[in-house]
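One letter stands for each residue in the lines below.
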Amino acid sequence: MRIIQITDLHIGQEGASDYGVDSRANFLNILAEVKFAAPDYLVITGDLCMKKGEEVTYQWIRERLEKLDIPYLLIPGNHDSAAMMREVFEMQHVKAKGALYYALKLGKQTCLFIDNSKARHSEAQLNWLSRQLYQAEGELVIFSHYPLLPTGVAFMEKTHGLKDQEAVLTILETYADPIHIFCGHFHVEKTVHYKNINLHITPSCQVQVHPYQTNFAIDHNRVAMRVIDLEQQCFQTTVRYIDGVKV
């Protein structure tokens, strides 16, 4: 089974730009790469909108995703409106009120989709996560917007980190089998291994942040998608970059 993850689209209304890039063109170019890679599923891990959730932007994104003709799944980021996404994308599988978190079987793989768009998790979601881990067995895949482990990405960790990371990690540490976490938010490519937990940060579809600078700095404006191949007793992931489009 092949899953492609993209993240941090930061799409604004027509003509809007941020950091001198054309986010709409970047998104369309990435979708062309997604189509070519022929995944079973496309997962978008938040920050679909440039600054804040806008219905017109979500509608534009949905129209392009429907034309792709590949099943897609979404979670919100800190620049999104979970309620608006739930309505525009008609997310019937989501049962939590006021948030978008859910569990699905993709093929034979159990996948958890977490909502940390407010930089923390509700008590209800943490309890849900505990129950999911108690019921699961074997390798587990989690999709999140924020990284759930310390990453060492200097500026982003200091100014835009998850506020209840320790509480989440305490729950994840109870799971005996491997956990693979795929996230975004930090606009870098990085992998972190901690005990049985493997965290993969996927680069943005907008711009990439310098991973070592303590002050904000753009590293480059190439954009990316992550390819995740899950087969029996075999797990592979790679990041594919393409040139970004400048305004």
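Bear in mind that the values here come from a model prediction, so they are computed numbers and not experimental data.

Glancing now at the packing of aromatic side chains. The final tally for this structure, using the stated rule, is 10 aromatic pairs. With a centroid separation of 6.3 Å and an interplanar angle of 80 degrees, the aromatic rings of tyrosine 72 and phenylalanine 89 are classed as edge-to-face. You can see tyrosine 72 sitting in strand β3 (residues 72-75) and its partner phenylalanine 89 sitting in the loop between α3 (82-88) and β4 (102-106), a full 17 residues away along the chain. Here arginine 24 stacks its cationic end above the ring of tryptophan 60, 4.4 Å away from the centre of that ring.

Scanning the entire structure with this criterion turns up seven salt bridges. Note that aspartate 229 is salt-bridged to arginine 2, the shortest N-O span being 2.7 Å. With a gap of 227 residues between them, aspartate 229 in strand β12 (residues 223-231) and arginine 2 in strand β1 (residues 2-6) connect regions that are remote in the sequence. By relative accessible area, which is 18% here, aspartate 229 ends up buried. Close ionic contact of glutamate 66 with arginine 62 constitutes a salt bridge, the shortest N to O distance being 3.3 Å. Taken together, the residues span about one helical turn, with glutamate 66 and arginine 62 both in helix α2 (residues 55-68) at a distance of four residues. Three or more residues are tied together by salt bridges with common partners; here these are Arg62, Glu66 and Glu90.

Take the pairing of β1 next. In terms of residue burial, β1 counts as a mostly covered element, since four of its five residues are buried. One ladder, built from four bridges, connects β1 with β12; its direction is antiparallel. Looking at the pairing, arginine 2 lines up with aspartate 229 of β12. As defined by bridge partners, β1 adjoins strand β2 (residues 41-45) across four bridges and the pair is classed as parallel. Bridging from a neighbouring strand, glutamine 5 pairs with valine 43 of β2.

Moving on, we come to the sheet that holds strand β9 (residues 197-201). Taken together, six strands build an open sheet; the order of strands is β4-β5-β6-β7-β9-β8 and the sheet is mixed. Both outer strands of the open sheet, β4 and β8 (190-194), are each paired with one neighbouring strand and no more. Ignoring strand direction, the axes of neighbouring strands in this sheet form an average angle of 20 degrees. Two strands pair when backbone bridges link them, and β8 and β9 are joined in this way by five bridges, in the antiparallel orientation. Opposite tyrosine 194, over in β9, you have isoleucine 197 as the bridge partner.

Once that is clear, we can look at the packing of helix α1 (residues 23-37) against α2. Interhelical geometry of α1 versus α2 gives an angle of 20 degrees and a closest axis separation of 11 Å. Relative to α2, the element α1 lies roughly parallel. Viewed along their axes, α1 and α2 form a crossing whose handedness is right-handed. From α1, Arg24, Phe27, Leu28, Leu31, Val34 and Lys35 reach across to α2, where they touch Trp60, Ile61, Arg64, Leu65 and Leu68. For the contact of α1 with α2, the residue count by class is eight nonpolar, no polar and three charged.

Conventions we followed
Residues numbered from 1 in each chain as written. Predicted model: local features only at pLDDT ≥ 70, side-chain atom pairs only at ≥ 80, totals over all residues. Heavy atoms only, no water. Phe/Tyr/Trp six-rings, centres within 6.5 Å; stacked < 30°, edge-to-face > 60°. Helix = DSSP H or I, 4+ residues; strand = E, 2+ residues; numbered from the N terminus. Lys NZ or Arg CZ within 6 Å of the ring centre and 35° of its normal. Salt bridge = Lys/Arg side-chain N within 4 Å of Asp/Glu carboxyl O. Buried < 20%, exposed > 50% of the residue type's maximum accessible area, 1.4 Å probe, protein only. Pairing = 2+ DSSP bridges. Axes fitted to C-alpha atoms, helices over the stretch in contact; angles between N-to-C directions. Parallel < 35°, antiparallel > 145°, perpendicular 65-115°, else oblique. Left-handed = near helix turned anticlockwise from the far one by under 90°. Contact = heavy atoms within 4.5 Å. Nonpolar A, V, L, I, M, F, W, Y, C, P; charged D, E, K, R; others polar.

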